[in-house]
Every structure is written in structure tokens, then in C-alpha cells.
Amino acid sequence: MSELSRIKISTPEYDEILPSTQEAIKIRPFRVADEKTLLIASESKDTKQMANAMKKIVGNCVLNDIDVNNLATHDFEYLFIKIRAKSVGEVSKLKLACQHCQTDNTVDFDLEGVKIREEEGFSNILKINDTLAFQMKNIGLDDVLKVGPNSNTSEMFSLIGDAVDVIVHEDETFTIGKAEKKDVMDIIESLPSSDFVKFIDYFGSLPHVYGEVNFTCSSCGKENEQELKGIQNFF
């Protein structure tokens, strides 16, 4: 090793709160190596490679002992946005279409303004009746990537089955693993349609990252109030 190995670069640390647990954590900005990882993944245009790069960066930049694979999607997205804000600037330039004339506008958005929306009364316990209930686990980034706009019915049902953590039936509690997945799916598929809606509503009401943007259209001059949702819309 050369004498240059003695040069150490100090990195600032910042306090943050993990939204789902309110746990105090510390984060640091991207380093050049982290940025390189993200750029290579972005150039690949591969969604899974991009997600893996983002997970690696969050794992590197959160200084607490946290398993990024077990983070709920909204926790992961929140942390990535906060880390990105500390790394390359708090302001992100967005191209947003006017709601009135559809003209694209370049709008500055303060990434420090992101929030978590959790529906009132949200619970991960789905009570079907007095004898049957499902406890759902966190939906992580890998789970989200399994489904998309072109996903088929089987893939959607598989995600629901994967999200079941515990089943309570009468006085018995069953912790669900891979070996029980088929039985879980059989139980779900035997439910009346009116009860299955509870699963659909659960996924639709999951906590998520959002941001509010107000701007005046450069073309028609009308005011716009828009809500950003989904990490891809913040950059």
C-alpha cells in the first residue's frame, strides 16, 4: 500500500426518523462509489438491477444495523429520497404537465418536503369474521417489482399470498412460510368475493411517500396543485 492509503475522507452524518417505527437513525450522503453503482444500473435500463443498486446504496448510507430487504416500501423510498437530498442537493427539477393545457413545465421540488401518507384506521390485520383473520407483513421493494402494469392474475394472487405473515383461526395461530403458501392460497381462494375485497383494499391503502407541488403554468398562466406519488416521480 502506498502512503496515499493514510488519507481518510470524513463524511457528514445526519439524523433521520424511520417512518414506520419512529426509530431514530443516522444516514450519510452518497459517496462517489455509490453514485457510480447507481449510474451503471441506470444505464442498464433494467428495473431489477436498478432496484438492487438502490438497496445497496441505502444499506451503505444508513449507519444503523437495518436489513434493507425487510424495509417496508414506503420506509425504503423515504430513506432513499432523504439520502439523495443530502448527497446531490435538496432541490429536484421535475417536468410536470399542466392540468389545464398539458404543457410541460420545469418545476423545482424540495425533496425535504416529502411526507408519508397513512390512511386513517390503516391496519395490517384483516379480520374476515369472528374466527378467521390474516396478519399481513411489510411489502418490500422486491415484492413490488414482482407485479406491474402488465402483470397477470396469477402474479397478483401470488403477491397477496406472499404478503400473508400469520393466520389466526379460532384459538390457533399459524406462522406462514414457503411450505404453507399453497394452503394459504387455497384458503384465500375459498373466501367469498366480498371478503377478498379486503385484501384489495389493504394493498390500495398501504402507506406511501408523497409530495405536494404548486406551480403556475408557463403557457396558460393557470395555477396547478399536484401530488407526487412513487419514487420515480421525484427525480
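For the structure itself, consult the block above.
On a predicted model such as this, the values are computed, not experimentally measured, just so you know.

## A short note on the packing of helix H5 (residues 153–162) against helix H7 (residues 193–204)
- Remark: H5 packs on H7, axes separated minimally by 12 Å, with the N-to-C direction vectors making an angle of 85°. Our classification of the angle between H5 and H7 gives roughly perpendicular. Between H5, through Phe157, Leu159 and Ile160, and H7, the contact on the second element is made entirely by Phe196, Phe199 and Phe203.
- A class-by-class count of the residues in the contact of H5 with H7 yields six nonpolar, no polar and no charged.

## So, unusual backbone geometry
- The phi angle at Lys45 is positive, at roughly 60°, despite the residue not being glycine.
- Position of Lys45 relative to the elements: it lies in the loop between helix H1 (32–44) and helix H2 (47–61).

## Section: the layout of surface pockets
- The volume enclosed by the second largest pocket comes to roughly 190 Å³.
- Lining the second largest pocket we find Lys137, Asp143, Lys146, Gly161, Asp162, Val164, Ile176, Gly177, Lys178, Lys181 and Val184.
- Those elements giving two or more residues to the lining of the second largest pocket turn out to be H5 and helix H6 (181–189).

## Looking at empty space enclosed by the protein
- Applying the stated rule across the entire model yields one cavity of 30 Å³ or more.
- In this structure, the largest cavity occupies an estimated 40 Å³ of space.
- In terms of lining residues, the largest cavity is bounded by Val68, Asn69, Leu71, Phe76, Gly140, Leu141 and Asp142.
- Among the residues making up the lining of the largest cavity, the classes are represented as four nonpolar, two polar and one charged.

## Some thoughts on the side chain of Asn105
- As for its position among the elements, Asn105 is in strand E4 (residues 104–110).
- There is a polar contact of 2.8 Å between the side chain of Asn105 and the backbone oxygen of Thr103.
- At 2.7 Å, the side chain of Asn105 forms a polar contact with the backbone nitrogen of Ser218.
- In this view, Asn105 contacts Leu94, Lys95, Leu96, Cys98, Phe215, Thr216, Cys217 and Ser218; residues no more than four positions away in its chain are not counted.

## Section: H6
- Here H6 has its buried residues at Val184, Met185 and Ile188. Angularly, the buried residues of H6 cover 95° about the axis, an arc narrow enough to put them on a single face.
- Elements in contact with the buried residues of H6: strand E7 (132–136), H5, strand E8 (164–169) and H7.

## Here we look at the sheet that holds strand E6 (residues 125–127)
- Pairing within the open sheet is antiparallel, and its four strands lie in the order E6-E7-E8-E9. Each edge of the open sheet carries a strand with a single partner, namely E6 and strand E9 (172–175). If you compare each strand with its neighbour and ignore which way they point, the axes differ by 20° on average.
- Relative to E8, E7 runs antiparallel, the two sharing five bridges.

## Things to note about the sheet that holds strand E11 (residues 223–229)
- Strand order in the open sheet formed by three strands is E5-E10-E11, with antiparallel pairing between adjacent strands. Of all the strands in the sheet, just strand E5 (115–117) and E11 have a single pairing partner and so form its edges. The average angle at which neighbouring strand axes cross in this sheet is 40°, direction not considered.
- The pairing of strand E10 (residues 208–216) with E11 spans seven bridges and is antiparallel. Within the sheet, the bridge partner assigned to Gly211 lies in E11 and is Leu228.
- Sheet contacts for helix H3 (residues 73–88): E5 and E10; angle to E10, the most-contacted strand, approximately 50°.

## Section: the pairing of strand E1 (residues 14–18)
- By the bridge criterion, five bridges tie E1 to strand E2 (residues 23–27) in an arrangement that is antiparallel. Across the sheet, residue Ile17 finds its bridge partner in E2, namely Ala24.
- Hairpin connection between E1 and E2: a loop of four residues separates the two successive antiparallel strands, and Gln22 in this loop has a positive phi of roughly 60°.

Rules used in this analysis
Residues numbered from 1 in each chain as written. Predicted model: local features only at pLDDT ≥ 70, side-chain atom pairs only at ≥ 80, totals over all residues. Heavy atoms only, no water. Axes fitted to C-alpha atoms, helices over the stretch in contact; angles between N-to-C directions. Helix = DSSP H or I, 4+ residues; strand = E, 2+ residues; numbered from the N terminus. Parallel < 35°, antiparallel > 145°, perpendicular 65-115°, else oblique. Contact = heavy atoms within 4.5 Å. Nonpolar A, V, L, I, M, F, W, Y, C, P; charged D, E, K, R; others polar. 1 Å grid on protein atoms, 1.4 Å probe; cavity = no way out; pocket = protein on both sides within 12 Å on 5 of 7 lines; lining within 4 Å. Points joined across faces, edges and corners; volume = space filled by probe spheres on them. Polar contact = N/O pair within 3.5 Å; in protein donor to acceptor, adjacent residues only side chain to side chain. Buried < 20%, exposed > 50% of the residue type's maximum accessible area, 1.4 Å probe, protein only. Arc of directions from axis to C-beta. Pairing = 2+ DSSP bridges.

The quantities given are spatial measurements derived from coordinates; they are silent on function.
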